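# Summary of structural features
Given next are the chains, with one letter for each unit.
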Amino acid sequence: YRLAIETDPANYEALWKLSRSCVDVADRISQGEPGWEAKQRKLYKEAESYGRKAVRANPNDTWGHFFLSAAMGKYALTLGKKEQVNMSKVIKTEIEKAIELDNTNDFAYHALGRWHRRMAEIGGAQRFFGGLIYGSIPKGTFEESEQALKKAVELRPEYTNHHLELGRTYLALKKYDLAKQEFEKVLELPVTSSKCDDYKKEAQAELEALQKKTK
């Protein structure tokens, strides 16, 4: 993709795919590797840059907006809370634009579901005092998280991570039977991506924790 962009700097497909690749490579950096945090941050920032270039090259396609939101979301997690709050509004805008341009983009619905859950996790008092320090904190609900993740599952039922995150939202809603079903589904599904084995390990850990909680 880098070579393609060297040849054609405005190649939209190469730009958004390079943004995606930078995120994927950053995600796979081991935390035991020397300087892993700096390496991750650099790659996420690079992914954001290519995502922005992709949107400029073609503002009317879903993938540029989606991978820009993904890169920004990953990069935000490496920053302080104030920066995360400030970036969260722009991230949601890009996710919603991706859905507006293609309402079959299951990854965008997945991202929207996770965004709502993260915002909903900020409780009332925390939101109030956080707002005094960081400015207005965007609102999200577990119910909207559930609906967005259910849509992602509907669109791509074979993708393990959709079920994993829907299960986690069900946990937040105290719908423990439904959460259990989703985590078990993760374990049943075949491996379809390089990250599926990790998702299966996480689902197993969630199931074991849920069993202890509901004994």
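Keep in mind the model is a prediction, meaning the values are calculated, not measured. Within every chain, residues take consecutive numbers counted from 1 along the sequence as written. Given that this is a predicted model, residues contribute local features only at a pLDDT of at least 70 and side-chain atom pairs are listed and counted only at 80 or more, while totals for whole chains, interfaces and linings are drawn from all residues. As a rule here, side-chain values cover all heavy atoms of the structure and leave hydrogens and water aside.

## A short note on unusual backbone geometry
Not every positive phi belongs to a glycine, and Lys174 is a case in point at roughly 65°. Strands here mean DSSP runs of E at least two residues long; helices mean DSSP runs of H or I at least four residues long; both are numbered from the N terminus. Within the element layout of this structure, Lys174 appears in the loop between α9 (160–172) and α10 (176–188). Residue Lys174 is classed as exposed on the basis of its relative accessible area, which comes to 60%. The classification of residues rests on relative accessible area computed with a 1.4 Å probe and restricted to protein chains. Under 20% of the type maximum is buried, over 50% is exposed, and intermediate values are partly exposed.

## A closer look at the packing of helix α6 (residues 106–120) against α9
Only the contacting stretch of a helix is used when fitting its axis, a line to C-alpha atoms as for every element, and angles between N-to-C directions run 0 to 180 degrees. The interhelical angle for the contact between α6 and α9, taken along N-to-C directions, is 20°, at an axis separation of 11 Å. Taken as axis vectors, α6 and α9 run roughly parallel relative to one another. Between α6 and α9 the crossing geometry is left-handed. Counting all contacts with α6, which are made through Asp106, Phe107, His110, Arg114 and Arg117, the residues of α9 involved are Asn161, His162, Glu165, Arg168 and Thr169. Polarity classes work like this: nonpolar for Ala, Val, Leu, Ile, Met, Phe, Trp, Tyr, Cys and Pro, charged for Asp, Glu, Lys and Arg, and polar for all others, with Gly in that last group. When its residues are assigned to classes, the contact of α6 with α9 shows one nonpolar, four polar and five charged. For classification, angles of less than 35 degrees are called roughly parallel, those exceeding 145 degrees roughly antiparallel, those between 65 and 115 degrees roughly perpendicular, and all remaining angles oblique. In this scheme the crossing of two helices becomes right-handed for a clockwise turn of the near helix relative to the far one and left-handed for an anticlockwise turn of less than a right angle. Residues count as neighbours in contact if any of their non-hydrogen atoms are within 4.5 Å of one another.

## What about the side chain of Arg117?
Residue placement: Arg117 occurs in helix α6. Since its relative accessible area comes to 10%, Arg117 is described here as buried. Between N or O atoms, a polar contact is any pair within 3.5 Å; within protein, one atom must be a potential hydrogen donor and the other a potential acceptor, and residues adjacent in sequence are included only when both atoms are from side chains. A polar side-chain atom of Arg117 sits 3.1 Å from a polar atom in the side chain of Thr169. If sequence neighbours within four positions are ignored, Arg117 has contacts with Phe142, Ser145, Leu149, Glu165, Arg168 and Thr169.

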